[in-house]
Amino acid sequence: MPAPENRARHGRALATALRGAVEEAHRRREAVGVEVYGAVPGLYVQFDSQPDVPLDLMSLEDKRQGIELVAVTHAATDEPTPRTIERATVLVPDGKVKHFLSRFERYAKTAPPKKGERRHLTMIDPVATLRLATLRGLWTDAPDVYPRDDEAAWWEVWLRRHDGHELDRLMEFAEAQHIRIGARRLQFPDRIVTLVLASPSQLSASTDVLNDIAEVRKAKESAAFFADLGPEEQADWTKDLLSRVMTPAESAPAVCILDTGVNRGHPLLEGALSAADCHACEPAWGAHDHAGHGTEMAGLALYGDLTPVLADAGPVRLWHALESVKILPPSGSNPPELYGARTAEATARVEVQAPQRRRCFSMAVTATDERDRGQPTSWSAAVDALAAGRSFDTSTQGLEYFDGDAHQRLFVLSAGNVEGTALRAEHLDRSDADPVHDPGQAWNALTVGAFTEKAVIRDPRWASWSPVAAPGDLSPWSTTGVTFADAWPLKPDVVFEGGNVVRNSKGEVDFPCPDLCLLSTHFKPSVRPFVLSWATSAATAQASRMAAIISAEYPTLWPETVRALVVHSAEWTRTMQAHVAGTSKKRQRALLVRRYGFGVPDVGRALRSARDSLTLIAQGSIRPFHDGKMGVIHVFDLPWPKTVLEELGETPVRLRVTLSYFVEPNPARRGWRNRYRYASHGLRFDVKRPTESLDEFRKRLNEMALDDDEDKPASGSDSADWYLGDQVRKHGSIHSDILQGSAADIAERGVVAVYPVSGWWKDQRKADRGEREARYALVVTIETPGVEADIWTPVAEQVGVPIRSRR
């Protein structure tokens, strides 16, 4: 850590700045002229770090004296290559300023320290400046959404819980400042969150009068505002958004909606959906939307939740287009045996129309029975076959490889919903008992469940109701794979926002509460342009949008790779993690994945490395078998930031690996073993141990491949070091796991292998297509969370990425 040029001068400067902050706080408090009963005077001090040097945050607080770290944010320097400044806002009660002054004085001493004397170097060296914090110092949201000084806006005000009277003081302050306080609260162990309607100038005085505010954020816009508008007002908002939309390029990828059809006449959709790209499995049905669900999905697939998009004022660039195939008849339903054929026929129609277009298929249509519980069906097997590269032959009504080649596809499927009449206040138990619906168990699909962050109710019509799910937890709508047998894939793969429902004091559940829903496009825009949306259908459309954005950004990525990046970018929320906190049992962690998938994806993580996060991607093809025997092993000696990691020593580092591939299905139910296995082949990954030679690593891989072939636990595995371990992550055709270790340990793990395990290709030699080779995508990420270490640049230099062009 770089030390200031002159510690004595630096310490004196900080002490002077702190005394100045105290004087300014007194002046501001007197100028406000508001007193609140029970408020303890104090000041908020903002500490700024040196560029690219993290603050020693824990040293800045002392809760025994009431000194508390309340907010941490980051800013970029104004340089050609920006560096990061960490900002910490600390609440210091009156009379406790001497805590810091005494430390600055000891730090500034020039005489050698006496035995046992602390100079607080690790605390003060990283600090560049300090000042009296303003309301902006407590702002932890995106900087560009901070309200204008004269703009009345809804804020999330996060209060410190310390004596039980925090809300009383806020209410008294609000009355004096003519500020409106929302009726609802969220309570956490050390925080209370409430909504406040005020301008920055009105609310800023709170930092001078109260010592209760920990941080402020922009309140999340609610779909209720737009849904409650009249048709003319909704049309005005539509026109405003249209004036900001930049339509997709001709070469853009597409999301193909397989549903009830899409009304391309909706103003927000027609620029991304041409008439030629609207189809129906039966021409007599017409390509229009007869029920509304398809148009609702199209809006979410194109824009995501419309609520923040409408509320924003900036340009909206569309990176992908839309396609639509109506697979559901206007009345009645398809015969059950036809759903797989309908799905296959739908893919053929769009591919004949635009054979070179990159696309993903989004299908939020599922069967409603629960009898399969993860077992393959004709529908899920058709999805797997289509994903693996087979195509629909109209002459035989079968799925074939055309021209001896495969055309892999990405299907994004809904996990299916808990029925509205079955919703319960004890929603996790209900969701865990309701298995993912057919065809969501398809091995090769990206199956999407729903979680929710929506837990704030503003609408007075719902004042006596409370949200069922806590923010960050599973949406009450979502089904899970908890009841699947161990042999079947971990489903869902990921979760996206699916909204929440409400309960009353009797435990009765109701929906939809507009504040807890998403907003999308209505299929009759002349009646009203917007419609509320929720459940796993809404989540699936958003997932397909993310897949299309990845494909637009990186056109050479395969469908297997796009799926890998979506899963690889996912993380469990704190609420999700709390359900397995403290357990080291792999089986309990497996239940976490079967409920939440691998968590909530983030498009930013999927698309970009950062200085403290490095992502490597490999696309390859492997021949899993040859003449009924196991095939080759692929070993990757990765470009690795070994020197930087070695310098970090015992610093905790996280390594994540994701392997994605598509299997060819064998859906006949004949025991699922040996020649009757469902999957044509399997692939696994492993990482070299720190003390292992390359030859020892290869030998261990061969042993593990043989163990898996004989359905035995892997004898040479280092499963204990991984969060899930090989016996949990091996299910299905996408495998992801996390290894937490010291930087020195991870420095020696720069070799990753992909190896084959058994499938029916090996045991049915006449049907073996292994000579074609099997494609896979491997994604590896190293993260140094909380440590300012540049692990990106050394690797960029190894592989020849131009450093100066990176931002």
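The structure under discussion appears in the preceding block.
What counts, and where the lines are drawn
- Residues numbered from 1 in each chain as written.
- Predicted model: local features only at pLDDT ≥ 70, side-chain atom pairs only at ≥ 80, totals over all residues.
- Heavy atoms only, no water.
- Pairing = 2+ DSSP bridges.
- Helix = DSSP H or I, 4+ residues; strand = E, 2+ residues; numbered from the N terminus.
- Axes fitted to C-alpha atoms, helices over the stretch in contact; angles between N-to-C directions.
- Buried < 20%, exposed > 50% of the residue type's maximum accessible area, 1.4 Å probe, protein only.
- Disulfide = S-S within 2.5 Å.
- Lys, Arg positive; Asp, Glu negative; His and termini not counted.
- Salt bridge = Lys/Arg side-chain N within 4 Å of Asp/Glu carboxyl O.
- Polar contact = N/O pair within 3.5 Å; in protein donor to acceptor, adjacent residues only side chain to side chain.
- Contact = heavy atoms within 4.5 Å.
- Core = buried A, V, L, I, M, F, W, Y, C linked by side-chain atoms within 4.5 Å.
- Phe/Tyr/Trp six-rings, centres within 6.5 Å; stacked < 30°, edge-to-face > 60°.
- Lys NZ or Arg CZ within 6 Å of the ring centre and 35° of its normal.
- Parallel < 35°, antiparallel > 145°, perpendicular 65-115°, else oblique.
- Left-handed = near helix turned anticlockwise from the far one by under 90°.
- Nonpolar A, V, L, I, M, F, W, Y, C, P; charged D, E, K, R; others polar.

K.L.:
Can you tell me about the sheet that holds strand β31 (residues 682-687), naming the residues and giving the values?
P.N.:
One open sheet accounts for three strands, arranged β29-β33-β31; its pairing is antiparallel. Here the strands that pair on one side only, and so sit at the sheet edges, are β29 (634-637) and β31. In this sheet, adjacent strand axes meet at a mean angle of 20° when their direction is disregarded. Sheet analysis places β31 next to strand β33 (residues 751-757), joined by six bridges and oriented antiparallel. In the sheet register, V687 faces β33, and the bridge partner there is V752.

K.L.:
So what about the pairing of strand β34 (residues 774-783)? Which residues, and what values?
P.N.:
Extensive coverage of β34 is indicated by the burial of nine of its ten residues. As paired elements, strand β26 (residues 613-622) and β34 share ten bridges and run antiparallel to each other. Note that in β34 the partner of Q619 across the bridge is A777. As paired strands, strand β30 (residues 652-660) and β34 are joined by seven bridges and run antiparallel to one another. Note on β34: the bridge partner recorded for R656 is T781.

K.L.:
Please give an account of the state of the cysteines that cites residues and values.
P.N.:
Evaluated as defined, the whole model comprises zero disulfides. With no disulfide of its own, C256 lies closest to C360 among cysteine sulfurs, the gap being 8.7 Å. C517 forms no disulfide, and the closest cysteine sulfur to it belongs to C513, at a distance of 6.8 Å.

K.L.:
Would you mind going over the pairing of strand β18 (residues 446-452) in detail, with residue names and values included?
P.N.:
Across the seven residues that make up β18, a large majority, seven, are buried. Two strands pair when backbone bridges link them, and strand β17 (residues 410-414) and β18 are joined in this way by three bridges, in the parallel orientation. Bridge pairing in β18 links S414 to V448. Of the pairings in the sheet, the one linking β18 to strand β21 (residues 494-497) comprises four bridges and is parallel in character. The residue bridging V448 from the neighbouring strand is V494, located in β21.

K.L.:
Give a detailed account of the side chain of E86, specifying residues and quantitative values.
P.N.:
Tracing the sequence through the fold places E86 in strand β3 (residues 84-93). Among buried charged residues, E86 stands out as having no salt bridge; its nearest opposite-charge side chain is R87, 11 Å away. Within the local environment of E86, its side chain forms a polar contact with the side chain of H74, the two groups lying 3.1 Å apart. Once residues within four sequence positions are removed from consideration, E86 is found in contact with F47, D48, S49, P54, L55, L57, V72, T73 and H74.

K.L.:
Pulling in residues and values, what's your account of the nonpolar core?
P.N.:
L241, Y303 and I550 are the most contacted members of the largest nonpolar core, which has 76 residues in total. In this structure, I550 is in contact with L557, V562, L565, V566, A606 and L607, ignoring residues within four places of it in sequence. Judged by nonpolar contacts, the second largest core, of 46 residues, contains L655, V657, V687 and Y776.

K.L.:
Please set out the packing of aromatic side chains residue by residue, giving values where relevant.
P.N.:
A ring pair, where both rings are aromatic, is described by two values, the distance of the centres and the angle of the planes. Counted by the stated rule, this structure contains 20 aromatic pairs. Measuring from centroid to centroid gives 4.9 Å for W139 and Y146, while their planes differ by 80°, and the two rings are edge-to-face. The side chain of R136 reaches across the aromatic face of Y146, ending 3.9 Å from its centre. We note R729 situated over the ring of W722; from NZ or CZ to the ring centre the distance is 5.0 Å.

K.L.:
Any chance you could break down the environment of V635 for me, citing the residues and the numbers?
P.N.:
For V635, the location among the structural elements is in strand β29. Overall, V635 belongs to the partly exposed group, its relative accessible area being 26%. Those residues in contact with V635 that lie beyond four places of it in its chain are L694, R698, V751, V752 and A753.

K.L.:
Lay out the packing of helix α11 (residues 339-353) against helix α12 (residues 378-388) in plain terms, naming residues and giving numbers.
P.N.:
The interhelical angle for the contact between α11 and α12, taken along N-to-C directions, is 25°, at an axis separation of 7 Å. Compared by their axis directions, α11 and α12 come out roughly parallel. As for how α11 packs across α12, the hand of that crossing is right-handed. Judged by residue contacts, Y339, G340, T343, A344 and T347 of α11 engage W379, A382, V383 and L386 from α12. Among the residues making up the contact of α11 with α12, the classes are represented as six nonpolar, three polar and no charged.

K.L.:
Which residues make up the sheet that holds strand β4 (residues 127-132), and what values go with them?
P.N.:
Taken in spatial order, the four strands line up as β2-β3-β1-β4 in an open sheet, and their pairing is antiparallel. What marks the edges here is a single partner per strand, and that holds for β2 (68-76) and β4. Strand-to-strand twist across the sheet, computed as the mean angle between neighbouring axes with direction ignored, equals 25°. Pairing of strand β1 (residues 42-49) with β3 involves seven bridges; the strand directions are antiparallel. Looking at the pairing, V45 lines up with V90 of β3.

Function cannot be read off these values alone, since they describe shape.
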